[in-house]
Amino acid sequence: MSDETGHIPQHLKKINFFVFAEKYIQDYKNKDVRIIASSVEKFKEAVNNPRLTITGIGPKTMTLYKDYLIHDAGLAGETAHNYFTRFKKVLKAAKIQGYLNEMPTAEIKFTNPNKDDTLKKQVLDKDELQILANTECGNTSVKRAFLFACFTSLGLAEIRKLKWKNINKGRLITTRNKTGELINNRLNQTALDILGKPGEKDSFIFNIQSLSDNGANKAIRYWVNRAHIEKHITFYCARHTFACQLLINGANLKTVADAMGHSSTRSTLKYLNHVQQLQDEAIDKLPSIKFHH
């Protein structure tokens, strides 16, 4: 009876969203099931309320989730957009089954972040790196770890488990957490300075094991604000910065892909496009002279 009226019966209002989502994922047959599961995980982190009901999800919750994906979830490029899109499948299923009257995402625009110059907002240039080095950060371990990542391509997961035994004769030898690809990069003087005096082989280099991704990104956000840098920087941006600095300093695409632990140069192309754009802008700023034939 209630189907036609748009009224949601009382017993359906009380259904826990995460119980519904778990069941949905169990029954889901398509290949992108892992991304859907991850998107629900990120939603759980963002809303921080395990007792959330389906009817409790409105546009406000979804805007919070969208902002979390873009700024605090430590996701690269298009991943945030993919997660948001996949998450909508769960909501759609809830709507079809009568738990929701309308999609809480109806009014939310989420354009693909790689379409515009988002990368520009996520890459630090060498002057900004110096400013950050000079600026105090509320968490000195995060400051050291982030700056080290800008010179080595490591993400937060790799930095967390990095031990002194991974440093050998001025080289960094470890694997990428996400892909298992080997990283064997020479450390330049700055990276070595950031490391300082070596500790025990089996001890962690950076004291951030108990810090969540969210906690690290919060510390970075305050630090970047204090440095008056108007860019949206999360820990993952250290990787972007490393790749762009290599290209600006003349490395070729294959070298950068290897240094980043990319299995092919395809993922590295976006950095080349960004650097090309910087080059074009630099040429546009060359002084103009009046020339008479």
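Just so we're clear, the structure is a prediction, and the values are computed from it rather than from any experiment. (Residues numbered from 1 in each chain as written. Predicted model: local features only at pLDDT ≥ 70, side-chain atom pairs only at ≥ 80, totals over all residues. Heavy atoms only, no water.)

## Brief notes about the packing of aromatic side chains
What describes a pair of aromatic rings is the distance from one ring centre to the other and the angle between the planes of the rings. Going by this rule: Any Phe, Tyr or Trp ring, taking Trp's six-membered ring, that has another such ring centre within 6.5 Å forms a pair; planes under 30 degrees apart are called stacked, those over 60 apart edge-to-face, and the others tilted. The helix count covers DSSP runs of H or I at least four residues long, the strand count covers runs of E at least two residues long, and both are numbered beginning at the N terminus. Only protein chains enter the accessibility calculation, which uses a 1.4 Å probe. A residue is then buried if its area is under 20% of the maximum for its type, exposed if over 50%, and partly exposed in between.
In the structure shown here, the tally under the stated rule is 13 aromatic pairs. Here the aromatic rings of Phe 17 and Phe 43 are separated by 5.4 Å at their centres, their planes lie at 70°, and the arrangement is edge-to-face. Note that Phe 17 is positioned in helix α3 (residues 17-27) and Phe 43 in helix α4 (residues 33-47), a separation of 26 residues in sequence. By the burial criterion, Phe 17 is buried, and Phe 43 matches it. With 6.0 Å between their ring centres and 25° between their planes, Tyr 65 and Phe 84 make a pair best called stacked.

## Side note on the confidence of the model for the protein chain
Threshold: Confidence of the prediction at every residue is given by pLDDT, a number between 0 and 100.
Of all residues in the protein chain, 92% have pLDDT values of 70 or greater, and the mean over the chain is 87. Looking over the protein chain, one finds the lowest element-wise mean pLDDT in helix α1 (residues 2-5), namely 48, and the highest in helix α9 (residues 140-150), namely 96.

## Here we look at unusual backbone geometry
The phi dihedral of Ser 153 is positive, around 75°, even though this residue is not glycine. In this structure, Ser 153 sits in the loop between α9 and α10 (156-160). In this model, His 228 sits at a positive phi of 60°, which is unusual for a non-glycine residue. Structurally, His 228 is set in the loop between α12 (213-226) and α13 (237-248).

## Observations regarding the sheet that holds strand β3 (residues 182-186)
Quick note on the threshold: Should DSSP find at least two bridges between two strands, the strands are regarded as paired.
Reading across from one edge, β1-β2-β3 is the order of the 3 strands in this open sheet, with antiparallel pairing throughout. Of all the strands in the sheet, the pair left with one neighbour each is β1 (167-168) and β3.

## Describing the nonpolar core
Condition: By nonpolar core we mean a set of buried residues, namely Ala, Val, Leu, Ile, Met, Phe, Trp, Tyr and Cys, connected to one another through side-chain atoms within 4.5 Å. The criterion used for residue contact is that any of the two residues' heavy atoms lie within 4.5 Å.
The biggest cluster of nonpolar side chains holds 37 residues, and the ones touching the most others in it are Leu 132, Phe 146, Phe 148, Ile 159 and Phe 206. Secondary structure elements with two or more residues in this core: α8 (126-134), α9, α10, α11 (189-195), α12 and α13. With 7 residues, the single largest contributor to this core is α9. If we ignore the near neighbours within four places in the chain, the residues touching Phe 206 are Ser 141, Arg 144, Ala 145, Phe 148, Ile 159, Leu 162 and Leu 195. In terms of nonpolar packing, the next biggest core, distinct from the first, is built from 33 residues, Tyr 83, Phe 84, Tyr 99 and Met 103 among them.

## Let's talk about the pattern of salt bridges
Test applied: For salt bridges, the criterion is a side-chain nitrogen of Lys or Arg within 4 Å of an Asp or Glu carboxyl oxygen.
This model, assessed by the stated rule, comprises 10 salt bridges. Close ionic contact of Lys 231 with Glu 128 constitutes a salt bridge, the shortest N to O distance being 2.9 Å. Linking Lys 231 in the loop between α12 and α13 with Glu 128 in helix α8, this pair joins segments that are 103 residues apart in sequence. Take Glu 128: its relative accessible area is 14%, and that puts it in the buried class. Residues Asp 213 and Arg 160 are paired through a salt bridge, measuring 2.6 Å at the closest nitrogen-oxygen approach. With a gap of 53 residues between them, Asp 213 in helix α12 and Arg 160 in helix α10 connect regions that are remote in the sequence. You can call Arg 160 buried: its relative accessible area is 19%.

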